[in-house]
Amino acid sequence: MRAELESRFFLLMLVVVTLAFGWVLEPLWGAVFWACALSVIFYPLQQWLLVHVSARRGRMALVTLLCSVLVVVLPLLAIGASFVQEGISFYDRLQSGEVDPAKMIDAVKSAFPAVVSTLHDFGINTDNLRQKLSDFAMTTSKVLASEMLAIGQNAAGLFLNIALMLYLAFFLLRDGPKLLHLLVEALPLGDEREHLLFAKFAEVTRATVKGNLVVALVQGTLGGIIFYLLDIPAPVLWGVVMTFLSLLPAIGAALVWLPVALYLYATGQWQQATVLMVYGATVIGLADNMLRPLLVGRDTKLPDYVVLFSTIGGISLFGINGFVLGPLVAALFMVFWQIFMTEFNQRSSS
């Protein structure tokens, strides 16, 4: 009786201490998550270096980490800096009246009266819509500018998180097999199940981060290039916005280039509008339709609609980290149910 009570109390304290440790790490959760993601993504490179260059895990972990900095961290910091500069410039244009969302909406209304009448048939007041969209643009740009200023002022905190991420990633790369063995020993799920779950975690994380980032960067770059060639204001800003929106499968980048094309039609810039419409539907759209199934759907073995809904849900719950966490949760959900159905059927047949 006493031994059973001691075991239950120990398990209770184990849960409490684990939750407390998670609470302590909560401010650094983003750094911990991305350290795990970096180590998972670049672990194959680490293994290749160990086989072909040197068997010293510490040195090869450092080389792998430097490669991740050159390939991922520095380019993202450069894109972020450009986004901050363009965003502040765009906010200044809104404040000075050089860019007026209300005038843009009026131009679209006058050019497409059929759309206005259709909206009225559905009970949508276009005058209120015009004011709301104008207010939304001003409010969003103001919040964006203030957030950018806050990020600039807290640059030390940002670089501290990056340093902690890279520091932890080094040890995860160096000691990955040992840590995985400890987790397998600690978790009471059965070794076979645990190896399957960890393999799925690595597979989905690698596919979603690598695949979604590649697709997003390609679409954002293509969008920024066509905006620059068509002399559309703030091409870098809109290119980065398209990069972020491209994390949403199928619909992301079109949320930017399609309204711009409609506005160009409304203002009589038919040639530019047609070029943008054709380019967006073919070049930008095909980049999504061709690359995403190859880089994301095939590796995660998730249907496209599951990837879409889990990505949107993950981003709404977890912010930018959700584009990885959403599909990851969906994949683990399917793996758990696959294990359950397989074992249940085996028990039923026996």
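Residues numbered from 1 in each chain as written. Predicted model: local features only at pLDDT ≥ 70, side-chain atom pairs only at ≥ 80, totals over all residues. Heavy atoms only, no water.

Concerning the overall build of the chain
(1) Moving on: For the chain, the count of helices and strands is 13 helices and 0 strands.
(2) Moving on: Helices and strands appear in the chain in the N-to-C order α-α-α-α-α-α-α-α-α-α-α-α-α.
(3) Moving on: When burial is assessed residue by residue, the chain has 33% of its 350 residues classed as buried.
(4) Moving on: Partitioning the intrachain contacts of the chain with sequence separation of at least 6 by distance along the chain shows that 69% fall at a separation of at least 24.
(5) Moving on: A total accessible area of about 21000 Å² is found for the chain, and carbon and sulfur atoms account for 71% of it. (Helix = DSSP H or I, 4+ residues; strand = E, 2+ residues; numbered from the N terminus. Buried < 20%, exposed > 50% of the residue type's maximum accessible area, 1.4 Å probe, protein only. Contact = heavy atoms within 4.5 Å. Areas by Shrake-Rupley, 256 points an atom, 1.4 Å probe, with all protein chains shown as cover.)

A few points about helix α2 (residues 29-52)
(1) Moving on: With 24 residues, α2 ought to run about 34 Å at 1.5 Å a step, and its terminal C-alpha atoms sit 34 Å apart, in line with that.
(2) Moving on: Of all bends in α2, the biggest is about 50°, found at Phe 42, and the proline Pro 44 comes one to four residues later.
(3) Moving on: Ala 31, Phe 33, Ala 35, Ala 37, Leu 38, Ser 39, Val 40, Ile 41, Phe 42, Gln 46, Leu 49 and Leu 50 are the residues of α2 that are buried. (Expected span 1.5 Å × (residues − 1). Bend = angle between axes of the 7 residues up to and from the residue.)

Some points on the side chain of Thr 64
(1) Moving on: Locating Thr 64 in the fold gives a position in helix α3 (residues 57-96).
(2) Moving on: A polar atom in the side chain of Thr 64 sits 2.7 Å from the backbone oxygen of Met 60.
(3) Moving on: Once you skip the residues sitting within four places of it in the chain, Thr 64 turns out to touch Phe 42, Leu 45, Gln 46, Leu 49 and Leu 173. (Polar contact = N/O pair within 3.5 Å; in protein donor to acceptor, adjacent residues only side chain to side chain.)

Quick notes on the packing of helix α9 (residues 235-245) against helix α10 (residues 254-266)
(1) Moving on: Running from N to C, α9 and α10 point in directions that differ by 130°, and their axes come no closer than 8 Å. The angle between α9 and α10 falls in the class oblique. Across the interface between the two elements, Trp 238, Val 241, Met 242 and Leu 245 of α9 pack against Leu 255, Val 256 and Trp 257 of α10.
(2) Moving on: Taken together, the residues of the contact of α9 with α10 sort by class into 7 nonpolar, no polar and no charged. (Axes fitted to C-alpha atoms, helices over the stretch in contact; angles between N-to-C directions. Parallel < 35°, antiparallel > 145°, perpendicular 65-115°, else oblique. Nonpolar A, V, L, I, M, F, W, Y, C, P; charged D, E, K, R; others polar.)

Observations regarding the nonpolar core
(1) Moving on: Of all hydrophobic cores here, the largest spans 27 residues; its most connected members are Val 73, Met 165 and Leu 166.
(2) Moving on: For this core, the elements supplying multiple residues, two or more each, are α2, α3, α7 (155-186), α8 (191-229) and α13 (322-349).
(3) Moving on: Leave out the neighbours within four places in its chain, and Val 73 touches Ser 68, Ile 162, Met 165 and Leu 166.
(4) Moving on: Counting 18 residues, the second-largest nonpolar core is a separate cluster that includes Leu 222, Leu 230, Ala 261 and Ile 284. (Core = buried A, V, L, I, M, F, W, Y, C linked by side-chain atoms within 4.5 Å.)

With respect to α10
(1) Moving on: Given a rise of 1.5 Å per residue, 13 residues ought to cover 18 Å, and the 18 Å separating the end C-alpha atoms of α10 matches this to within 8%.
(2) Moving on: Taken together, the buried positions of α10 are Val 256, Trp 257, Val 260, Ala 261, Leu 264, Tyr 265 and Ala 266.
(3) Moving on: Gly 268 sits one or two residues past α10 and shows a positive phi near 85°.

Points about unusual backbone geometry
(1) Moving on: Its identity as a non-glycine residue notwithstanding, Asp 231 has a phi of 60°, on the positive side.
(2) Moving on: Mapped onto the secondary structure, Asp 231 falls in the loop between α8 and α9.
(3) Moving on: Residue classification places Asp 231 among the exposed residues on the basis of a relative accessible area of 68%.

Let's talk about the packing of aromatic side chains
(1) Moving on: Scanning the entire structure with this criterion turns up 6 aromatic pairs.
(2) Moving on: With a centroid separation of 5.2 Å and 80° between ring planes, the pair formed by Phe 170 and Phe 171 is classed as edge-to-face.
(3) Moving on: Residue classification places Phe 170 among the buried positions, given a relative accessible area of 17%.
(4) Moving on: Phe 171 gets classed as partly exposed once you look at its relative accessible area, which sits at 26%.
(5) Moving on: Plain terms: the ring middles of Tyr 265 and Trp 270 are 5.1 Å apart, the flat faces sit at 70° to each other, and that makes the pair edge-to-face.
(6) Moving on: Taking relative accessible area as the criterion, Trp 270 reaches 55% and is therefore assigned exposed.
(7) Moving on: Ring pairs connect the aromatic residues Trp 29, Phe 33 and Trp 34, which therefore count as one cluster. (Phe/Tyr/Trp six-rings, centres within 6.5 Å; stacked < 30°, edge-to-face > 60°.)

Here we look at the pattern of salt bridges
(1) Moving on: Across all of its chains, the model carries 1 salt bridge by this definition.
(2) Moving on: The salt bridge involving Asp 175 is made with Arg 174; its shortest N-O contact spans 3.0 Å.
(3) Moving on: Note on Asp 175: relative accessible area 18%, which makes it buried. (Salt bridge = Lys/Arg side-chain N within 4 Å of Asp/Glu carboxyl O.)

Some points on the environment of Gly 322
(1) Moving on: Topologically, Gly 322 is positioned in helix α13.
(2) Moving on: Each C-alpha atom of the pair Gly 322 and Leu 247 lies 9.9 Å from the other, and the pair is 75 residues apart in sequence.
(3) Moving on: When neighbours within four sequence positions are excluded, Gly 322 is seen to be in contact with Ser 310, Thr 311, Gly 314, Ile 315 and Pro 327.

Re the confidence of the model for the chain
(1) Moving on: Counting all residues, the mean pLDDT for the chain is 76, and 73% of those residues have values of 70 or more.
(2) Moving on: Per-element confidence in the chain ranges from a low mean pLDDT of 58 for helix α6 (residues 126-153) to a high of 85 for α2. (pLDDT = per-residue confidence, 0-100.)

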